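What follows is the residue order along each chain.
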Amino acid sequence: MTTVGIDAVEIRTGNLKLDLPETFAPEKGEDPEKYTKGLGLHASSFPDVYEDIVTMGANAAKRLMDRKGLEPDDIGRIDVATESAFDHSKPASTYIAGCLEDVYEGDFHHANKGERKFACVAGTQAVDDAVNWIQAGKNRGRAALVIATDTALYERGDSGEATQGAGAVAMLIDEDPSLTSVDPVQGFGSADETDFLKPNQQFPSVDGKRSMQVYLARMREALQDVESQRDLHPDDFAVVPFHIPFPGMVRKGAALGFRHISRGTDVEEELAEEIGMQPRREDFEDDEAFRDALTEYTDDLTGTDRYREWYDRTVEPTLGISRHVGNWYTGSVHLARASALKEAREGGRDLDDAEMMVCSYGSGAQAEIHIETVQPGWEEEIAQLNVDEQLRARKDITFAEYEQIHEVHNYDETTDIDAFTTPEEEFVFDGWGRMGERKYTYVE
Ligand code: CAA
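Described below are features of the structure shown in this document. (Residues numbered from 1 in each chain as written. Predicted model: local features only at pLDDT ≥ 70, side-chain atom pairs only at ≥ 80, totals over all residues. Heavy atoms only, no water.)

All right, on to the overall build of the chain then. Secondary structure summary: the chain contains 14 helices and 15 strands in total. Against the globule reference of 22 Å for 444 residues, the chain gives a C-alpha radius of gyration of 22 Å, in line with a compact fold. Its C-alpha atoms give the chain principal-axis dimensions of about 70 × 55 × 40 Å. Buried positions account for 58% of the 444 residues belonging to the chain. (Helix = DSSP H or I, 4+ residues; strand = E, 2+ residues; numbered from the N terminus. Rg over C-alpha atoms; globule rule 2.2 N^0.38 Å. Buried < 20%, exposed > 50% of the residue type's maximum accessible area, 1.4 Å probe, protein only.)

Next comes the structure, spelled out in structure tokens:
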């Protein structure tokens, strides 16, 4: 079978930054360490007045196309994954293609365009669709563009307000990829849940604490589904990217994952002297007693050197970018992959042919876990990212400015303020058209 996977990646952050410990925490009367240590977040990215899911997605895609020397004819498919769509019919991919057609010769008239929705897991679903399209031999030598783009805003005062973010990740899916191949093993954990949803409303209804339990429950199911296809061992994987609503959530997901896949292995035996064997359901009278024992075991596990070494090597490097940008919903797990590869390159770590276990999640709810293999060529590709420059260039906003920008992006308000930054060499939102459509232009 042809090797298919992620050939290139680009990251585009919103142009504003809200400092959580310095600016947000004091206004909320909270300890800054709740953000830096508890949630694991230092800052959130926000879109300036002229930015939205289309501009961020188009800007990421343009840099990717320029860098890879691509023309519209080279692309046979454009899928946008988002949970921040502003149109119930016309997909954001048509807007993004329209933007790109303004700056390239040629057009995307023969490319299949769509929009994928399943909360944050939709970005991974769009990658899967693109891989399948190529594996099926329908691509006629062309590649697919997958763009995960979101403005992850919560209602003011909602508990999720601390985890907001805005940005896009564009990925080129192609044969003989430079970054990672997407391997066929894939597991799902999926159930009808109401942990986080937007029933015809812009900002989500969120049951924050329950959403964390649902994340873990679906992740466990997806792991079981993968295990029905192949054996898993913690040392199989060099990198384990998770969906990152906030890094503190990944801390919990990683502990569950390690506990689960080390059960019945030499690792469980090795740890038994220090913390005992893992609790087994048959040794307990009821579910509650079993769950309490599991919680206690997991707490002990995360204190062991064996676990810490595994976490620091496979999970911690995935969190580097997210700590400074917040939740990007559909893009988050793809930021995690990019962050780990970037840190590996900077640290001189050899990842050629190493396996990754990629753990995606979308509320509502579905977890998907699949395996990727890092391709020789990944270092050269990942070296092209300019995310550090972008993060440094963001304007650090005050709390009053944050309040204004939140209102600007609230569909129920009409707030007209000047932009905080000056756009340069990027697509910008440029007002409304006759049919209520959003209009865009490229600023030199
Ligand atoms: N120093 C160190 N740590 C501190 C601290 C301090 N001063 N103060 C608090 N903390 C810790 C807490 O102990 C807690 O950690 P543990 O869970 O490990 O105990 C952590 O910081 C967060 O504190 P709280 O639980 O008090 O925070 P909260 O109640 O204000 O909000 C939340 C947490 C419910 C997750 C909220 O951020 C939220 O609603 N977020 C949106 C929903 C979400 O992200 N859910 C995640 C799963 S769903 C998903 O993944 C999809 C998605 O993208 C939305």
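Here the narrative resumes.
Reported here for the largest pocket is a volume of approximately 1500 Å³. Lining the largest pocket are 46 residues, and of these Ser84, Ala85, Phe86, Gln202 and Tyr411 sit closest to its centre. Every element with two or more residues in the lining of the largest pocket is listed here: β9 (196–197) and β14 (426–432). In terms of residue class, the lining of the largest pocket is built from 19 nonpolar, 14 polar and 13 charged. Volume-wise, the second largest pocket comes out at about 790 Å³. (1 Å grid on protein atoms, 1.4 Å probe; cavity = no way out; pocket = protein on both sides within 12 Å on 5 of 7 lines; lining within 4 Å. Points joined across faces, edges and corners; volume = space filled by probe spheres on them. Nonpolar A, V, L, I, M, F, W, Y, C, P; charged D, E, K, R; others polar.)

Once that is clear, we can look at the packing of helix α3 (residues 53–68) against helix α4 (residues 92–103). At a closest axis distance of 9 Å, the pairing of α3 and α4 adopts a crossing angle of 50 degrees. With respect to α4, the element α3 is oriented oblique. You can see that α3 and α4 cross each other, and the crossing is right-handed. On α4, the residues touching Ile53, Val54, Gly57, Ala58, Ala61, Lys62 and Met65 of α3 are Ala92, Tyr95, Ile96, Cys99, Leu100 and Val103. Here the residues of the contact of α3 with α4 sort into eleven nonpolar, one polar and one charged. (Axes fitted to C-alpha atoms, helices over the stretch in contact; angles between N-to-C directions. Parallel < 35°, antiparallel > 145°, perpendicular 65-115°, else oblique. Left-handed = near helix turned anticlockwise from the far one by under 90°. Contact = heavy atoms within 4.5 Å.)

On to a negative patch on the surface. A surface patch of like charges, here negative, comprises Glu273, Glu274, Glu285, Asp286, Glu288, Asp292, Glu296, Asp299, Asp300 and Asp305. For the negative patch, the secondary-structure elements that each account for two or more residues are α8 (266–275) and α9 (287–302). Residue classification places Asp292 among the partly exposed positions, given a relative accessible area of 47%. (Patch = residues over 30% accessible without salt bridge, like charges linked within 9 Å, V, L, I, M, F, W, Y side chains within 5 Å. Areas by Shrake-Rupley, 256 points an atom, 1.4 Å probe, with all protein chains shown as cover. Salt bridge = Lys/Arg side-chain N within 4 Å of Asp/Glu carboxyl O. Lys, Arg positive; Asp, Glu negative; His and termini not counted. Charge placed at Lys NZ, Arg CZ, Asp CG, Glu CD.)

Another aspect to go through is the pairing of strand β6 (residues 143–152). For β6, the tally of buried residues reaches ten of ten residues, placing the bulk of the element in the interior. Burial along β6 is two-sided: the face carrying Ala143, Leu145, Ile147, Thr149 and Thr151 and the face carrying Ala144, Val146, Ala148, Asp150 and Ala152 are both buried. As paired elements, strand β4 (residues 75–81) and β6 share six bridges and run parallel to each other. The residue bridging Asp79 from the neighbouring strand is Val146, located in β6. Bridge analysis of β6 against strand β7 (residues 165–175) gives nine bridges, and the strand direction is antiparallel. Looking at the pairing, Ala152 lines up with Gly165 of β7. (Pairing = 2+ DSSP bridges.)

So, about the environment of Thr318. Locating Thr318 in the fold gives a position in the loop between α10 (305–314) and α11 (332–346). Separated by 21 residues in the primary sequence, Thr318 and Ser339 have C-alpha atoms spaced 5.1 Å apart. When residues no more than four places from it in sequence are discounted, the contact partners of Thr318 are Val239, Val240, Pro241, Ile244, Ala336, Ser339 and Ala340. Engagement of the side chain of Thr318 in a polar contact is seen with the backbone oxygen of Val315, the distance being 2.5 Å. (Polar contact = N/O pair within 3.5 Å; in protein donor to acceptor, adjacent residues only side chain to side chain.)

So, on to the pairing of strand β1 (residues 4–13). Along β1, ten of the ten residues are buried, which leaves the element largely enclosed by surrounding structure. Sheet topology places β1 next to β7; nine bridges connect them, and they run antiparallel. By the bridge assignment, Val9 is partnered in β7 with Met171. Pairing geometry for β1 and strand β8 (residues 180–190), over two bridges, is antiparallel.

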